Amino acid sequence: MRLILGGVNGHYLRYITDNFAEDTEEVWAAVAYATRSDLLFDWCSEHQIPLRFYGRLDDTVAVSWPILKSFLDRASPEFVCYLVQHHHAKVIWWRGVGVYIGSANLTNSAWYKNIEAGCFMCEDEISSETEAHLHELFSTLHKHATPLNDEVLQTMERREAELAAMSVDQPDFWANPCLTGWSGLVQTTEKSAGDRRRESFLKEWHETLQYLRDIGKRVAKDENRPVWIEKHAPVGAQADQFLHAHYYQRTFEGQRPTFRALYEKNRHRREAALAEAIQWWRDLEEAPADEDRMLNESAPFLRDALAEDRLDSMTPELFREVCIRVHAIRDYARRVENKSVGLPSADTGYTIDQKVDALSRRVWSDRSARGYTVKDLFRHVLYGGAEEMLPERLWQAIYDSAWKIDRLGVSAWGELVGWALPDRFPPRNGRTSKALQSLGYDVIDHV
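Residues numbered from 1 in each chain as written. Predicted model: local features only at pLDDT ≥ 70, side-chain atom pairs only at ≥ 80, totals over all residues. Heavy atoms only, no water.

A.B. asks: Report on the packing of helix α8 (residues 235-250) against helix α10 (residues 270-282), specifying residues and quantitative values.
C.D. replies: One can describe the packing of α8 onto α10 by two numbers: an axis separation of 11 Å at closest approach and a directional angle of 95 degrees. Between α8 and α10, the interaxial angle falls into the category roughly perpendicular. Between α8 and α10, the contacting residues are Q241, F242, A245, H246, Q249 and R250 on the first element and L274, E276, A277, I278, W280 and W281 on the second. Broken down by class, the residue content of the contact of α8 with α10 amounts to 7 nonpolar, 3 polar and 2 charged. (Axes fitted to C-alpha atoms, helices over the stretch in contact; angles between N-to-C directions. Helix = DSSP H or I, 4+ residues; strand = E, 2+ residues; numbered from the N terminus. Parallel < 35°, antiparallel > 145°, perpendicular 65-115°, else oblique. Contact = heavy atoms within 4.5 Å. Nonpolar A, V, L, I, M, F, W, Y, C, P; charged D, E, K, R; others polar.)

What follows is the structure, encoded as structure tokens:
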């Protein structure tokens, strides 16, 4: 064990980064404050070492905005950042090498100027009990974390600007739905089951949303985009169709799905699995299953049909054309019982288009518990307030009886939002989640 006291005894944390890059399998870092990327983050990136970082979430912007932005710019599933309220730990675990537990933040002063005190234990000095406690630490942080995404970055950028202008009072900071609040280890109030379910949904949705955005950035690059996709195709739509093709072409053995087995294979090598899939995608000389038509024809149609200035004039016929082009709605129509959409329940065979036609008529005529129509829901979810609040409105459309219309579930809404606003909210359905799982991502299939 090495005592790390900086200038007091001449032992610095840089000793580890200078000597053990080749031996480090990955880095788990729980450090409250971070203002310098070159101390650890750039080192991980330079040596292609996966990094999972937990910083502090508060209204003083404990992790600087440029550092937060650098995580999103990398768009890598193996270089991820989470923010946690009431987090003040300073623990860096160079997996395979050893762990530092002490007082040093990821700041220039902490590493080189301040008097800081900590211990570094080599991997073979970490007892099974200590290792279990370390896993519990990171598990607790992850449970209460806010995953970094574009909305969180924008919130922190605004807050940093306010602080710079000496406007330190911002009572609404914690009201932002993209931030996961936490009362700390001492709980003073009990949340209802509904509140916990909503918070869990929003946290997972925001985290997966950023995965899709990152994938979109990568597959939309000129060097990764197949020749049959038009350059102006929305980034989020490209992410969706990349995952569509990957799922149907690369996660089945005959009729048997293999995405769960692939998850176990790839969960510790997500970057490699994603890179392999992107290479397969960019080398395709033609679309394997009409992805070109979806991107070049259906996506522009859906974006136009669901535009804010078109909603008032939407007709049942146009709504049917929207439903025909949404994979989740077509899939649900294929499975739904005839009688539940107003078709005779006898053993009459109907085409998919006939089933979608019946389903669209039923949804168009239905009302929520408060009398809202599907047009009202489109207006509310897509354009009913700040863009960063959209996942909150999405939750209402799916689970709140005041807004919910039967037969429009989470996958349908995940796609509808994505086709209407693909630049900010890539389409997501059950197939999307399974495709991500096959690449090693720990996401939930909400269907």
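From this point on, the discussion continues.
A.B. asks: Give a detailed account of the nonpolar core, specifying residues and quantitative values.
C.D. replies: The nonpolar side chains of a soluble globular protein tend to be buried with one another. Residues F242, F378, W413 and L416 are the most contacted members of the largest nonpolar core, which totals 92 residues. Ranked by residues supplied to this core, first place goes to helix α7 (residues 193-219) with 8 residues. Excluding residues that lie within four positions of it along the chain, F378 makes contacts with L306, L311, M314, F319, Y383, W413 and L416. Core analysis: the second largest hydrophobic core is formed by 43 residues, I67, F71, C81 and C178 among them. (Core = buried A, V, L, I, M, F, W, Y, C linked by side-chain atoms within 4.5 Å. Buried < 20%, exposed > 50% of the residue type's maximum accessible area, 1.4 Å probe, protein only.)

A.B. asks: Account for the packing of aromatic side chains, naming residues and giving values.
C.D. replies: One pass over the structure, following the stated rule, counts 26 aromatic pairs. Ring geometry for Y15 versus F20: centroids 5.7 Å apart, planes at 70 degrees, classification edge-to-face. By relative accessible area, which is 31% here, Y15 ends up partly exposed. Owing to a relative accessible area of 22%, F20 belongs among the partly exposed residues under this scheme. Ring centres of F242 and W281 lie 5.8 Å apart, and the angle between their planes is 75 degrees; this geometry places the pair in the edge-to-face category. Separated by 39 residues along the polypeptide, F242 in helix α8 and W281 in helix α10 bring together distant segments of the chain. Across the pair, exposure class does not vary: F242 and W281 are buried alike. Through a chain of ring-to-ring contacts, three or more aromatic side chains come together here, namely W28, Y54, Y82, W93 and F138. One Lys or Arg, R2, reaches over the ring of Y15 and ends 3.9 Å from the middle of that ring. The ring of F301 is capped by R325, whose NZ or CZ atom sits 4.0 Å from the centre of that ring. (Phe/Tyr/Trp six-rings, centres within 6.5 Å; stacked < 30°, edge-to-face > 60°. Lys NZ or Arg CZ within 6 Å of the ring centre and 35° of its normal.)

A.B. asks: Which residues make up the layout of surface pockets, and what values do they have?
C.D. replies: Estimates place the volume of the second largest pocket at around 560 Å³. Surrounding the second largest pocket, 22 residues form its lining, D290, M294, I324, R325 and R330 being those nearest its centre. Among the elements that take part in the lining of the second largest pocket, α8 stands out by supplying 5 residues, more than any other. In terms of residue class, the lining of the second largest pocket is built from 7 nonpolar, 5 polar and 10 charged. (1 Å grid on protein atoms, 1.4 Å probe; cavity = no way out; pocket = protein on both sides within 12 Å on 5 of 7 lines; lining within 4 Å. Points joined across faces, edges and corners; volume = space filled by probe spheres on them.)

A.B. asks: Describe in detail the pattern of salt bridges, supporting the description with residues and values.
C.D. replies: Enumeration over the complete set of coordinates arrives at 37 salt bridges. Between R74 and D42 there is a salt bridge, with its nearest N and O atoms 3.2 Å apart. Residue R74 is found in helix α3 (residues 65-74), and its partner D42 is found in helix α2 (residues 41-46); the two are separated by 32 residues along the sequence. D304 is the partner of R310 in a salt bridge, and the nearest nitrogen-oxygen pair spans 2.4 Å. Owing to a relative accessible area of 27%, R310 belongs among the partly exposed residues under this scheme. Overall, the relative accessible area of 42% leaves D304 in the partly exposed class. Taken together, the shared-partner salt bridges in this structure form one network comprising D150, E151, R213, E387 and R424. (Salt bridge = Lys/Arg side-chain N within 4 Å of Asp/Glu carboxyl O.)

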